[in-house]
2 protein chains.
Amino acid sequence: MPQKVRIALDAMGGDVGASVVIPGAAISLTRHPDTEFLLFGDRALIAPQLDKHPALKAVSRVIHTDVAVSMHDKPSQALRRGRKTSSMWLAIEAVKKGEADVAVSAGNTGALMAMGRFCLRMLPGIERPAIAAIWPTARGDSVILDVGATIGGDAQHLKTLALMGSAMASVLFDLERPTVGLLNIGVEEMKGREEIREAAELLRNLDLPQLNFIGFVEGGGIGKGAADVIVTEGFSGNISIKVAEGTARQMTEFLRAALSRTWRAKIGYLLARNAFKALRDKLDPNKSNGGVFLGLNGIVVKSHGDATPDGFAYAVDVGYDMASYDLLTKINQMLNRDGSAFASAPTAQEAVS
Amino acid sequence: MPQKVRIALDAMGGDVGASVVIPGAAISLTRHPDTEFLLFGDRALIAPQLDKHPALKAVSRVIHTDVAVSMHDKPSQALRRGRKTSSMWLAIEAVKKGEADVAVSAGNTGALMAMGRFCLRMLPGIERPAIAAIWPTARGDSVILDVGATIGGDAQHLKTLALMGSAMASVLFDLERPTVGLLNIGVEEMKGREEIREAAELLRNLDLPQLNFIGFVEGGGIGKGAADVIVTEGFSGNISIKVAEGTARQMTEFLRAALSRTWRAKIGYLLARNAFKALRDKLDPNKSNGGVFLGLNGIVVKSHGDATPDGFAYAVDVGYDMASYDLLTKINQMLNRDGSAFASAPTAQEAVS
């Protein structure tokens, strides 16, 4: 029998904590029965939830702590208060100790990243972390990174993002050579920020058969699925994903308003209800929930703080995929095969503001 | 009788030229009968179109030239080939000579900006131009700038964008004190790029009663209408607007596919058809067509190259509004009242990469 995938959950993370985390884990378990869970948090809050999900209870171990990082703690506060004691820290530490393959938390992003860096440390050759997100496109899904871990960055940083993103997409989408594009304001070679053009040059000249660099992708190309991996620094990436989510939400609201305006429209809506349900499912932000922290020496997945149990289940699914296909090894292979990532890492650190 | 609004049109601009420009102008004329047009381009192509629109013909003068800037000309090529002779140049020059109040072109953006700068020059105190676009939101419309004229920029540049955008929104939306927000990756004060935090500080400290600065706006806030004016440098602005357009297009395609899948859905669609039409109208990118070049000593409006006659008509409408409410004077007032824009302009130019 193959080894089970061991997932450490911060059961206190997110806007509501255990009452979303536990049902979410139970949903993911039905999809991946070969999972085991370590649940970190307040036993008094976890136990009643677990009782409702006997199948989950059977494969879970609860590790009690009454320290929880709040959604409003600054990273420094979270480290000061919660290091070695909070549910968030303990979940990450389980990965470090080799007791879990991946940690999943819906807790606050800054604190999770700070604890991840502090506890797991960075991968050799990587100075700055990234968060990768999944973007539903017309052709399926794409990976976009960085969506907000690191603001700015030089060509070397963008190259590292490309390598890590490619490794993640190959694992997540089961592709040998996922296509990789650099986000830019035009597809012509002379356009855009200098570091982006330099990064394109670096990526074109890499002797790395797994990397399938296709050039620049514009903002409108992401949703078309122009590349499996969209690479950009954290400011543009964060703006992009939030604009896309905002636009989707806005359109859904327009549609709802338009369809409730007249009786004909209401009846039409009732008849087409299943079609709308399919559309909602397709666009449900819960279904692309799960930001993967890249660059750490261990896998940490971040769920939206306001995710529903379904949404949290997707984040757990992402963690499962990343762990069972061994994302970390894949990333290390990519970085090792491109030896230059190591040689020039200090330069990258010096050059960024 | 009040003076008419005089609009100079590059009748050769865009993917198809006169057969979109002329019908588009005719549509706009029905909404603003107090318009006069100068039509620059090939008389042989313009005349047959004008014959179909006698009302437009009656208020138009055709100025023949057989030189046209192509959609693929680089700015330098366009200037070399088309300076003083092309339909694009002549339309802009009509503004400079005071023969027109505004120029509208669907020609290529780079060439139009280069000719605008060369012919009209920049406003005193402004070193770098911007393009402002209109973003349909849940609360109405917002202005976003810069959507791609200038990449990067320091706090002073962002402040100038805020002043120009505020002037434009006050004219376009008839608001005394439009709200102005800086695009950022969080609403907290300590987040984001340094120049954005500095710009926030500058804007907070401005002694300018017309300016209603409300702080940072996230990517998801634009579509909610969090501010009447969204300020960002050209890279993020370009990515944002293209991501929003792309997401809207993608959702429309999902919806169409979902509604044609079953007979029930198809019948539902037929019943709700008017509701969908209202939705499409609301989201039609043609309806937010019209990028306004800011910072030039004259008003130039850019239409999408692939606009339909309806789309081009909206760009003409935008030009009409900008001219009839005297955007340029408003911008100059904003800049003059804030004397510091002049004093520190050279610094702005030096500091940007």
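Residues numbered from 1 in each chain as written. Chains lettered and ligands numbered in written order. Predicted model: local features only at pLDDT ≥ 70, side-chain atom pairs only at ≥ 80, totals over all residues. Heavy atoms only, no water.

Q: I'd love a proper account of the environment of A:Gln77, names of residues and values included.
A: Residue and element names in this part refer to chain A. With respect to the element layout, Gln77 can be found in helix α4 (residues 75-82). Since its relative accessible area comes to 23%, Gln77 is described here as partly exposed. Separated by 34 residues in sequence, Gln77 and Ala111 place their C-alpha atoms 8.3 Å apart. Not counting residues up to four positions away in its chain, the partners in contact with Gln77 are His72 and Gly82. (Helix = DSSP H or I, 4+ residues; strand = E, 2+ residues; numbered from the N terminus. Buried < 20%, exposed > 50% of the residue type's maximum accessible area, 1.4 Å probe, protein only. Contact = heavy atoms within 4.5 Å.)

Q: Explain the relation of the copies chain B and chain A to me, and be specific about the residues and the numbers.
A: Think of it as a corkscrew move, a rotation about one axis and a shift along it, taking one chain copy to the other. When chain B is brought onto chain A, the operation consists of a screw motion whose angular component is 180° and whose axial shift is 0.0 Å, with 0.0 Å RMSD remaining. Taken together, the rotation and translation describe the operation of a two-fold axis. Using C-alpha coordinates, one finds that chain B approaches the rotation axis most closely at B:Gly268, a distance of 1.9 Å. A share of 100% of interface residues in chain B that are also interface residues in chain A marks the association as one of identical surfaces. (Least-squares fit on C-alpha atoms with pLDDT ≥ 70 in both.)

Q: Give a detailed account of the environment of A:Leu38, specifying residues and quantitative values.
A: All names here are of chain A. Tracing the backbone through its elements, the reader meets Leu38 in strand β2 (residues 35-41). Judged by relative accessible area, which is 8%, Leu38 ranks as buried. Spatially, the C-alpha atoms of Leu38 and Gly237 are 32 Å apart, while their sequence positions differ by 199 residues. If we ignore the near neighbours within four places in the chain, the residues touching Leu38 are Ile7, Ala8, Leu9, Arg61, Ile63, Ala94, Glu99 and Ala100.

Q: How would you sum up the sheet that holds strand β1 (residues 5-10) of chain B? Please name residues and give values.
A: Residues and elements named next belong to chain B. The eleven strands are arranged β3-β2-β1-β4-β11-β10-β5-β6-β9-β7-β8 in an open sheet whose pairing can be described as mixed. The outermost strands of the open sheet, each flanked by one partner alone, are β3 (60-64) and β8 (212-217). Adjacent strand axes in the sheet meet at a mean angle of 25°, parallel and antiparallel pairs treated alike. Judged from the five bridges that link them, strand β2 (residues 35-41) and β3 form a sheet pairing that is parallel. What sits directly across from Leu38, in β3, is Arg61. Seen against the sheet, helix α1 (residues 18-31) touches β1 and β2 and runs at an angle of roughly 175° to β2. (Pairing = 2+ DSSP bridges. Axes fitted to C-alpha atoms, helices over the stretch in contact; angles between N-to-C directions.)

Q: Residues and numbers for helix α13 (residues 309-324) of chain A, please.
A: Residue and element names in this part refer to chain A. For α13, with 16 residues, the first-to-last C-alpha span of 22 Å sits near the 22 Å given by 1.5 Å per residue. Among the 16 residues of α13, twelve are classified as buried, and the element is accordingly described as predominantly covered. Of all the positions in α13, only Gly311, Phe312, Ala313, Ala315, Val316, Asp317, Val318, Gly319, Tyr320, Asp321, Met322 and Ala323 are classed as buried. Positive backbone phi, approximately 60°, marks Asp326, located one or two places after α13. (Expected span 1.5 Å × (residues − 1).)

Q: Could you give an account of the side chain of B:Ser86, naming the residues involved and the relevant values?
A: You can see B:Ser86 is positioned in the loop between α4 (75-82) and α5 (87-96). Among the polar contacts made by the side chain of B:Ser86, one reaches the main-chain amide nitrogen of B:Trp89 at a distance of 3.2 Å. (Polar contact = N/O pair within 3.5 Å; in protein donor to acceptor, adjacent residues only side chain to side chain.)

Q: Any chance you could break down the packing of helix α1 (residues 18-31) of chain A against helix α2 (residues 43-51) of chain A for me, citing the residues and the numbers?
A: How two helices pack is summed up by the angle between their axes together with the distance between the axes. Residues and elements named next belong to chain A. Orientation of α1 relative to α2, taken along the N-to-C sense of each, is 40°, at an axis distance of 9 Å. Classified by the angle between their axes, α1 and α2 sit oblique to one another. At the point where α1 passes α2, the crossing takes the right-handed sense. Taking contact as the criterion, the partners of Ala18, Ser19, Ile22 and Pro23 in α1 are, on α2, Leu45, Ile46, Gln49 and Leu50. Of the residues belonging to the contact of α1 with α2, the class tally is six nonpolar, two polar and no charged. (Parallel < 35°, antiparallel > 145°, perpendicular 65-115°, else oblique. Left-handed = near helix turned anticlockwise from the far one by under 90°. Nonpolar A, V, L, I, M, F, W, Y, C, P; charged D, E, K, R; others polar.)

Q: Break down the interface of chain B and chain A for me, with residues and values.
A: On the chain A side, the residues contacting the 52 residues of chain B number 52 residues. Both sides together, the interface formed by chain B and chain A hides about 4,500 Å², and carbon and sulfur atoms give 73% of it. Run the count over chain B and chain A and you get four salt bridges. B:Lys242 is paired through a salt bridge with A:Glu218; the nearest N and O atoms lie 2.3 Å apart. Contributing elements (two or more residues each) for the side of chain B that touches chain A: β5 (130-137), α9 (219-222), α10 (234-259), α11 (263-271) and α12 (273-283) of chain B. (Buried area = accessible area lost by both parts, 1.4 Å probe. Salt bridge = Lys/Arg side-chain N within 4 Å of Asp/Glu carboxyl O.)

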